[in-house]
Amino acid sequence: MTSAEMKAAILHHLVYTQGKDAVTAKTYDWRMALSYAVRDKIVDRWFEATRRAYAEKRKRVYYLSLEFLIGRLLKDAIINMRLEESVLDALKDLGIEWEEIIEDEPDAALGNGGLGRLAACFMESQATLGLPAMGYGIRYENGLFRQRFEDGRQVEEPEDWLNQAHAWEFARPEVSIDIGFGGHVQEIGSRANWYPSEVLIARAHDTPVIGWKGRWGNTLRLWEARPMHGFDLARFNRGDHTAAAEPEAMARTLSRVLYPDDHTEQGKELRLKQEFFHTAASIRDILRRFESEYDDLRLLPKKAAIQINDTHPAIAGPELVRILHDERGIDFEEAVGIARNTISYTNHTLLPEALETWGEARMGRLLPRHMQLIDRIDDLHRRETGTHDLNAHHDGKVHMGTLGFIMAHKVNGVAALHTELMKSTVFKDLHELHPEKIVNETNGVTPRRWLLSCNPRLSSLITDSIGDNWVDHAEDLKKLEPFTEDAGWIEKFTAAKHANKVDLSNWIAETLEISVDPDSIFDIQVKRIHEYKRQHMNLLETIAYWLEIRDNPNAGWTPRVKIFGGKAFPNYIYAKEMVHLANDMAKVMNSDPLTSRFLKVVFPPNYNVSLAERLIPAADLSEQISTAGKEASGTGNMKFSLNGALTIGTLDGANVEIRELVGAENFFLFGMTAEEVMTHRAEAGHAARAIAADPRLARALETIRSGGFSPEEPGRYHMITDNLTHHDYFMVCSDFTDYWRAQRDVDAAFADKAEWARVAALNTARTGWFSSDRTIRGYMRDVWDVEAAPLVDLA
Ligand code: 26Y
């Protein structure tokens, strides 16, 4: 597409779609016009792919996830469609700022963190690989809350990304599916009729997901909840105005909010309703499509693979069995077999508090037929395996992990260590019964968004050096290795990183009014705020370093900028205290004349996908410091490494694999192993002993305790200090000393600029394996048994 054609397309949409003329158009109008112009190009390719999937009778993958953290879509679309040049030229011609347009797009935050972002990367990789696939999610009106700080405290505000028209989606009112809840069951022999007492409508909204070079496109289908009967005119005419709108309001509640917690399962009825609503609509849609193409349901596992993203859609098993058995008349055992061979389940956590369970009373009330079927599935599984325990339904609850396991033909972990721990802990007994079921598929990230798009300077250097094949064959980044021995090339690499750091410094100065020196170590920890992720350990190390500088301000300290980003679950008081502490520390430290040359603390609010894209390319040091055994994988760790940051980290999640790939000598390892954590935790008094043994740690804790960062309220952080001193389940104190040691190794290493840059470049060269293309190929081979369509280049 030429620049002139692009310009004409933008102007056309500005006038005829947006209804504005160039004189009165605002940034928003221009953004919408550009989005429609780009979207037109995508739609052709998307239809082509959809037609081919049908014509070639391909097996499809259905990715069911309660979360899709897709972020902004415009730049992604422009890059994948190779339209940057024509867009940039056209905008220049029209006198419109590219940056302003890009920044104007709301960041679609239909997810909490890692699990949701993984789903988004997978969608992009599936499209890039030419794999016929469809993502199914919920079209939350309000995504993850917006985070603000008020006197350093986190304040949550609703995120209303749908307030403006959403350029990327197509409403599909013709795809409306009835979803029932409650009511009663009438059994007829083995089968039953379910008569729900409440019915809602799930309405589809489709967003095209285009792969690299526009060679394939898939659909992300998001369900909106609508009332069966809309506005009650009779009631309104009787003068009952509020009540008239009630059914609509009730129904909409279901797709209104994303539950903002990852990891602490709350057992809320609305959440269970959301899960069933999402899953039932998706299963119906999948079967409708299947039955339009084939007439034998026994073929389902050959033509469809349903992946459930954690247990959140795990009701898919019983729901599929219910339709096959009750509605289509297939024998119960055969129905279970078909469902199992179609479904597979990804586990993302071993933390007991995050494993979903539902009380039998609530489940029985809301999904009476499913409750019966779960018991029959348990019964069948007992007969199959000759066991008498291991039920999904026990102790008055339905355990969704067990249900997911029993109803899947494959269950996967998300990093090598995590998968091994699944086998030896949470799923130990089930694994022994089904030793071939658990497989590992180490997570990945899409290199299109997480390198090409977010880091244009480094990407250009890479492409200038090895060509652009790496973009969809990230293993090619290996070809950079010889360049890392070339001083001239390393200088260019350093220049790219430095320019990224200058950009970030300018942004920090403008938005947060903090001045940072781009020559400092940019040390970044961004992720949800959690005790197991140990942001407080990083804070303690920051305090200890600060105190050390104060003791001796004229020694040769290595300047650092400690950057934090992340949201705390609104009810997770401890995590919110960690946020508050970080902000209180920033206030004190950033204005300390003795230390501020050497140490700054920066905590930009509202960490999201877009902020990650800004921060990660500018990082020198990636903090991956979770208590070993707790972080299933991590995916931020991969993004940092790919963008040439060194990692300081524990042997946890995918850190283990990152370290193997980049080389142990290029990784700042510290801390106990998962096994050591388990033994050490059992030894009473571990925290007190660790504190007594490390005066730096003791002093840092004492500084918090005595109000060093909250003089107006010295006891403010007693929750944190008391917990760390007496309990410390996550081993902050016991790992602190080694963490401090590793941080000083970082200082020493950073002193040799050229060597640091060489290792940073090696990180980029050696982490192409973490492309989500590789992950998706793994699922295709080990889990889905599916092939991609041969790809055709854009005309
Ligand atoms: C049940 C509900 C409260 C719940 C909601 C969301 C439970 C868990 C979650 C989300 C979990 C999550 O994001 N897990 C992360 O998944 C990533 C992708 O596999 C991993 O990299 C990361 O280690 C893991 O914490």
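Keep in mind that this is a model prediction, so the values were computed, not measured.

Visitor: Looking at this model, I keep getting lost on the environment of Asp468. Mind explaining?
Guide: Inspection of the secondary structure assignment puts Asp468 in the loop between α20 (456-466) and α21 (487-512). Taking C-alpha positions, Asp468 is 9.9 Å from Leu452, a pair spaced 16 residues apart along the chain. When sequence neighbours within four positions are dropped, the list of residues in contact with Asp468 reads Lys213 and Thr463.

Visitor: In this structure, what is going on with the site of the ligand? I would like to understand it.
Guide: Taken together, 21 residues sit near the ligand, with Leu115, His348, Asn443, Glu631 and Gly634 positioned nearest. Contact between the ligand and Tyr532: an oxygen atom at 3.3 Å from a side-chain N or O atom of the residue. Contact between the ligand and Gly634: an oxygen atom at 2.7 Å from a main-chain N or O atom of the residue. Alone, the ligand offers 570 Å² of accessible surface; in the complex the protein occludes 98% of this. The element contributing the most residues to the shell around the ligand is helix α6 (residues 114-129), with three residues. Tallied by class, the residues present in the shell around the ligand amount to five nonpolar, nine polar and seven charged. Counting only domains with at least three residues in the shell around the ligand, you end up with domain 1 (263-441) and domain 2 (447-466 + 476-777).

Visitor: What exactly am I supposed to notice about the sheet that holds strand β15 (residues 393-394) here?
Guide: Think of a sheet as strands paired side by side through backbone hydrogen bonds, with each pair either parallel or antiparallel. In spatial order, the strands read β14-β16-β15; together these three strands make up an open sheet with antiparallel pairing. Among the strands making up the open sheet, the edge pair consists of β14 (357-359) and β15. Both β15 and strand β16 (residues 397-399) contribute to a ladder of two bridges, which runs antiparallel. By the bridge assignment, His393 is partnered in β16 with Val398.

Visitor: Help me understand unusual backbone geometry in this model?
Guide: Most peptide bonds adopt trans geometry, and most residues besides glycine take a negative phi value. With phi around 60°, Leu390 is a residue other than glycine that occupies positive phi space. Within the secondary structure, Leu390 sits in the loop between α15 (368-385) and β15. Positive phi values are uncommon outside glycine, yet Asp395 reaches one of about 50°. Note that Asp395 resides in the loop between β15 and β16. The class for Asp395 is exposed, based on a relative accessible area of 67%.

Visitor: Just to check I follow, could you spell out the domain arrangement of the protein for this structure?
Guide: Reports of interface size often rely on the accessible area that becomes lost once the parts have come together. Taken domain by domain, the protein comprises domain 1 (263-441) and domain 2 (447-466 + 476-777). On a C-alpha basis, the centroid separation for the pair domain 1 and domain 2 is 38 Å. Of the roughly 1100 Å² buried between domain 1 and domain 2, counting both surfaces, carbon and sulfur atoms make up 66%. Linking domain 1 with domain 2 are zero salt bridges. Linking domain 1 to domain 2 there are two residue pairs in polar contact (both at pLDDT 80 or more). For the side of domain 1 that touches domain 2, the class distribution of residues is seven nonpolar, seven polar and one charged.

Visitor: Would you explain a nonpolar patch on the surface in this entry?
Guide: Side chains of Phe231, Leu233 and Phe236 sit close together on the surface and give an oily, nonpolar patch of about 290 Å² of accessible area. Note on placement: Phe231 falls in the loop between β11 (217-227) and α7 (233-237). On the accessibility criterion, Phe231 (45% relative accessible area) is partly exposed.

Analysis parameters
Residues numbered from 1 in each chain as written. Predicted model: local features only at pLDDT ≥ 70, side-chain atom pairs only at ≥ 80, totals over all residues. Heavy atoms only, no water. Helix = DSSP H or I, 4+ residues; strand = E, 2+ residues; numbered from the N terminus. Contact = heavy atoms within 4.5 Å. Near = heavy atom within 4 Å. Polar contact = N/O pair within 3.5 Å; in protein donor to acceptor, adjacent residues only side chain to side chain. Areas by Shrake-Rupley, 256 points an atom, 1.4 Å probe, with all protein chains shown as cover. Nonpolar A, V, L, I, M, F, W, Y, C, P; charged D, E, K, R; others polar. Domains from an automatic or database assignment. Pairing = 2+ DSSP bridges. Buried < 20%, exposed > 50% of the residue type's maximum accessible area, 1.4 Å probe, protein only. Buried area = accessible area lost by both parts, 1.4 Å probe. Salt bridge = Lys/Arg side-chain N within 4 Å of Asp/Glu carboxyl O. Patch = residues over 30% accessible without salt bridge, like charges linked within 9 Å, V, L, I, M, F, W, Y side chains within 5 Å.

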